[in-house]
Amino acid sequence: MDNNLVGQIIQGRYYVVKQLGRGGVGITFLAQDRQCFNSPCVVKQLKPKLANAKTLEIARRLFNREADIMNCLGDCDRIPRLLAYFEHNQDFFLVQELVEGHDLSQEIIAGQPWSADKAIALLKDILEVLLFVQQNNVIHRDLKPSNLMRRDRDQKIILIDFGSVKQISTQIVNPAGQVNPTVAVGTRSYMPIEQMTGHPGFYSDIYAVGIIIIQALTGVHPRNLTVDEDNEIIWRNKLDHQVNYQPRFLEILDTMVRRLHQQRYTSAQAVLSDLEQLDALTNNDKATILAANSTSSHSSIKVQAVPKIESETKTTSSQSNKYQNAPRSLPTGAKSKKSRFKIILAIAFVLTLLAAVLGRWVLFQKFNSQPKFQLSVYKNIDQGFQVNYPEPWLKQNRDDFFATGVVFLAPLNGDRDKFKERVSVSVENLSGKTSLAEYTDESIAEIKKLSDPNVSKAQAVRLGGRQGRQVIYHGEENGYSVERMQAWLVKDNQAYIFTYTAQPENYDSYLPTVEKMIESFAIISN
């Protein structure tokens, strides 16, 4: 793979102007779209290491899947839009929007540490776009300064070069037809241990972001940092000792780069929440300092508050003693207490009644707040099933080495909603003849082990006109508590699995829609 594409027209449309960059897995070119007023764009050429039929088949499947994901991510203004993707001469090409700007490797320079405020601002900027990526269940895998661009027109951080696409270039198929990912996707200095072993998660991108901020804050490249006896990164000794850093900010960075992902933040939202608390704490500290400065020359103002409280306490105490020494009429007091008790009891009853009525009203509103929408039919001819889904929901095809199917994502309900409820339908190829009872026992055992020991007892359900099983259980996903309903059936050495995932407070709200989807599920001839 070389830069001989310069000066050529690809697909009869994209004129390659010059090479922009070269990596271990591909080349990036500046091009002009001859069918769109010669508008500038970026063409990325990717190529599998081997060109045998099996490798190309897997590469093609991964490439198409990642192109679908990048197309969905293009809804975000902070990610370059995918304009086209195609295969040519056993190479794979992505055509993306050109972002005018520069990458952060030109800003984060060795020996030039940033201020804490500037580093915090960068951290928030990166997390904002990473939050969108994670809401779409995507892991970047290769976050580093050169993959973060500062856009010229608004100085916003743009996330580029999704490392997951690079998996195409690291696939090698052995003689038995098995896939061996020979290279961990990512850049070693910014890669946590679980990613090196091929098990990345949202927390892996969190680690990389933390390393980037530490690099900016210290002016030291991560390859020059050492680790302690627990293999935790030592970096605070590289800070400017003449600067008073906020301890809580440093603790946040420590948590982001913990060696074990179980001790790290699980999502961008979790880090942003702690940064919001940091802002509140900082503002409170500033308010305290200002108050202290304003009263430093008037110390009497600060002292007056305490005697005032003492005076009030003494008065109350003396009044209490006065009332205690005064003669009291017990019958009158008893009547007064009885009357007060009746009044309190009546008020409590009314409040309980109002709470019950209000609760029913809120529940009614919740069930009826869902927009009325048309159901569309999704058909998967290859896997032999179809299901109806709400038109406003985003549809994403699923195709990996474990299962094949589709995921339907509900739209977010306002700015405060950060979690997309979803329904997935997948088909799992079973290793041999398996009964519904056997598959149910295996599935429940796996759920107990990995998610919820208190998973509900399996209930009978109809799927595709056949008898199936359904369970409900709880779990955690990227920092969010979730409630899941899973239903399945077994037919011809295949399991059809229907999974509904929602935050617990929204579970009942979407349930009527999900039940309609389950009712519509059907097995079709393939």
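A quick note: this is a predicted structure, and the numbers were derived from the prediction, not measured.

K.L.:
Outline the sheet that holds strand E9 (residues 157–159), supporting the account with residue identities and numerical values.
P.N.:
Taken together, three strands build an open sheet; the order of strands is E7-E8-E9 and the sheet is antiparallel. In this open sheet, the two edge strands, each paired with only one partner strand, are strand E7 (101–103) and E9. Going across the sheet, the axis of each strand differs from the next one's by a mean of 35°, ignoring polarity. Pairing geometry for strand E8 (residues 148–151) and E9, over three bridges, is antiparallel. For Met 149, the partnering residue across the bridge sits in E9 and is Ile 158. Sitting on the sheet, helix H2 (residues 116–135) touches E8 and E9, and the angle it makes with E9 is about 35°.

K.L.:
Outline the environment of Ile 9, supporting the account with residue identities and numerical values.
P.N.:
The residue Ile 9 is located in strand E1 (residues 9–10) in this model. Since its relative accessible area comes to 46%, Ile 9 is described here as partly exposed. Between the C-alpha atom of Ile 9 and that of Arg 34, which follows or precedes it by 25 residues, the distance is 8.9 Å. In contact with Ile 9, other than residues within four places in its own chain, are Tyr 14, Tyr 15 and Arg 34.

K.L.:
Quick rundown of the side chain of Thr 218? Include the residues and the values.
P.N.:
Note that Thr 218 resides in helix H4 (residues 202–218). Looking at Thr 218, its side chain comes within polar contact range of the main-chain oxygen of Ile 214, at 2.7 Å. Within polar-contact distance, the side chain of Thr 218 engages the backbone nitrogen of Val 220 at 3.2 Å. Beyond its immediate chain neighbours, meaning those up to four positions away, Thr 218 contacts Pro 113, Trp 235, Lys 238 and Leu 239.

K.L.:
I'd like a rundown of the pairing of strand E2 (residues 14–22), residues and numbers included.
P.N.:
Here E1 runs beside E2; their pairing, made up of two bridges, is antiparallel. Within the sheet, the bridge partner assigned to Ile 9 lies in E2 and is Tyr 15. Here E1 hands over to E2 after three residues, with Gln 11 in that stretch at a positive phi of 60°. Relative to strand E3 (residues 26–33), E2 runs antiparallel, the two sharing seven bridges. In the sheet register, Gln 19 faces E3, and the bridge partner there is Phe 29.

K.L.:
Before we move on, can you summarise the sheet that holds E1 with the specific residues and values?
P.N.:
Neighbouring strands of a sheet are bound in pairs by backbone hydrogen bonds; such pairs are parallel or else antiparallel. Spatial ordering of the open sheet is given by E1-E2-E3-E4-E6-E5, a layout of six strands whose pairing is antiparallel. The two strands at the open ends of the sheet, each matched to only one other strand, are E1 and strand E5 (82–88). In terms of strand pairing, E5 meets strand E6 (residues 91–97) through six bridges, oriented antiparallel. Among the inter-strand pairings, Phe 86 is bridged to a residue of E6, identified as Phe 93.

K.L.:
Which residues make up the nonpolar core, and what are the values?
P.N.:
Counting residues in hydrophobic clusters, the biggest one holds 53 residues, and the most contacted among them are Leu 217, Phe 249 and Met 256. Tallying contributions element by element places H2 first for this core, with 12 residues. Residues contacting Phe 249, with those up to four places away along its chain left out, are Ala 116, Ala 119, Ile 120, Leu 123, Ile 213, Leu 217 and Leu 278. Counting residues in each nonpolar core, the second largest holds 27 residues, with Tyr 389, Ala 487, Val 514 and Ile 518 among its members.

K.L.:
Describe helix H9 (residues 436–450), listing the residues and the values that go with them.
P.N.:
Along its 15 residues, H9 runs 21 Å from first to last C-alpha, staying within 8% of the 21 Å computed at 1.5 Å per residue. Elements that come into contact with the buried residues of H9 comprise strand E18 (422–429), strand E20 (466–477), strand E21 (480–491) and strand E22 (494–502).

K.L.:
Describe the pattern of salt bridges, listing the residues and the values that go with them.
P.N.:
For the structure shown, the criterion picks out 16 salt bridges. For Glu 128, the salt bridge identified is with Arg 78, shortest N-O distance 3.4 Å. Pair noted here: Glu 128 is in helix H2 and Arg 78 is in the loop between helix H1 (53–73) and E5, with a separation of 50 residues, a long-range link. The exposure class of Glu 128 is partly exposed, given its relative accessible area of 40%.

K.L.:
Lay out the packing of aromatic side chains in plain terms, naming residues and giving numbers.
P.N.:
Per the stated rule, a full pass over the model turns up 10 aromatic pairs. Aromatic side chains Trp 393 and Tyr 510 sit 6.1 Å apart centroid to centroid with 70° between the ring planes, which places their arrangement in the edge-to-face category. Of this pair, Trp 393 sits in the loop between strand E15 (385–390) and strand E16 (394–399) while Tyr 510 sits in helix H10 (residues 507–520), and the two are 117 residues apart along the sequence. Exposure class is identical for Trp 393 and Tyr 510. Each is buried. Ring pairing ties together the aromatic residues Tyr 378, Phe 385, Tyr 389, Phe 408, Tyr 496 and Phe 521, which thus form one cluster.

K.L.:
Any chance you could break down the side chain of Arg 422 for me, citing the residues and the numbers?
P.N.:
Tracing the backbone through its elements, the reader meets Arg 422 in strand E18. We classify Arg 422 as buried; its relative accessible area is 13%. Leave out the neighbours within four places in its chain, and Arg 422 touches Asn 137, Val 407, Phe 408, Leu 409, Glu 477, Arg 484, Thr 499, Tyr 500 and Thr 501.

K.L.:
Requested: an account of the packing of H4 against helix H5 (residues 247–256), with residues and values cited.
P.N.:
Interhelical geometry of H4 versus H5 gives an angle of 135° and a closest axis separation of 8 Å. Considering their axes alone, H4 and H5 lie oblique with respect to each other. In terms of crossing hand, the pair formed by H4 and H5 is left-handed. Taken together, the residues of H5 that come into contact with H4 (itself represented by Ile 206, Tyr 207, Val 209, Gly 210, Ile 213, Ile 214 and Leu 217) are Phe 249, Leu 250, Leu 253 and Met 256. Classifying every residue of the contact of H4 with H5 gives 10 nonpolar, one polar and no charged.

K.L.:
I'd like to hear about a nonpolar patch on the surface, residue by residue, with values.
P.N.:
Taken together, the side chains of Ile 343, Ile 347, Phe 349, Val 350, Leu 351, Leu 353 and Leu 354 make up a nonpolar region of the molecular surface, amounting to roughly 710 Å² of accessible area. By relative accessible area, which is 58% here, Phe 349 ends up exposed.

K.L.:
Can you explain the packing of H2 against H5? Please cite residues and give values.
P.N.:
The contact between H2 and H5 brings their axes to 12 Å, and the two run at 45°. When the axis of H2 is compared with that of H5, the two are oblique. Crossing handedness for the pair H2 and H5: left-handed. Side by side, H2 and H5 meet where Ala 116, Ala 119, Ile 120 and Leu 123 of the first sit next to Phe 249, Leu 253 and Met 256 of the second.

Rules behind the numbers
- Residues numbered from 1 in each chain as written.
- Predicted model: local features only at pLDDT ≥ 70, side-chain atom pairs only at ≥ 80, totals over all residues.
- Heavy atoms only, no water.
- Pairing = 2+ DSSP bridges.
- Helix = DSSP H or I, 4+ residues; strand = E, 2+ residues; numbered from the N terminus.
- Axes fitted to C-alpha atoms, helices over the stretch in contact; angles between N-to-C directions.
- Contact = heavy atoms within 4.5 Å.
- Buried < 20%, exposed > 50% of the residue type's maximum accessible area, 1.4 Å probe, protein only.
- Polar contact = N/O pair within 3.5 Å; in protein donor to acceptor, adjacent residues only side chain to side chain.
- Core = buried A, V, L, I, M, F, W, Y, C linked by side-chain atoms within 4.5 Å.
- Expected span 1.5 Å × (residues − 1).
- Salt bridge = Lys/Arg side-chain N within 4 Å of Asp/Glu carboxyl O.
- Phe/Tyr/Trp six-rings, centres within 6.5 Å; stacked < 30°, edge-to-face > 60°.
- Parallel < 35°, antiparallel > 145°, perpendicular 65-115°, else oblique.
- Left-handed = near helix turned anticlockwise from the far one by under 90°.
- Nonpolar A, V, L, I, M, F, W, Y, C, P; charged D, E, K, R; others polar.
- Patch = residues over 30% accessible without salt bridge, like charges linked within 9 Å, V, L, I, M, F, W, Y side chains within 5 Å.
- Areas by Shrake-Rupley, 256 points an atom, 1.4 Å probe, with all protein chains shown as cover.

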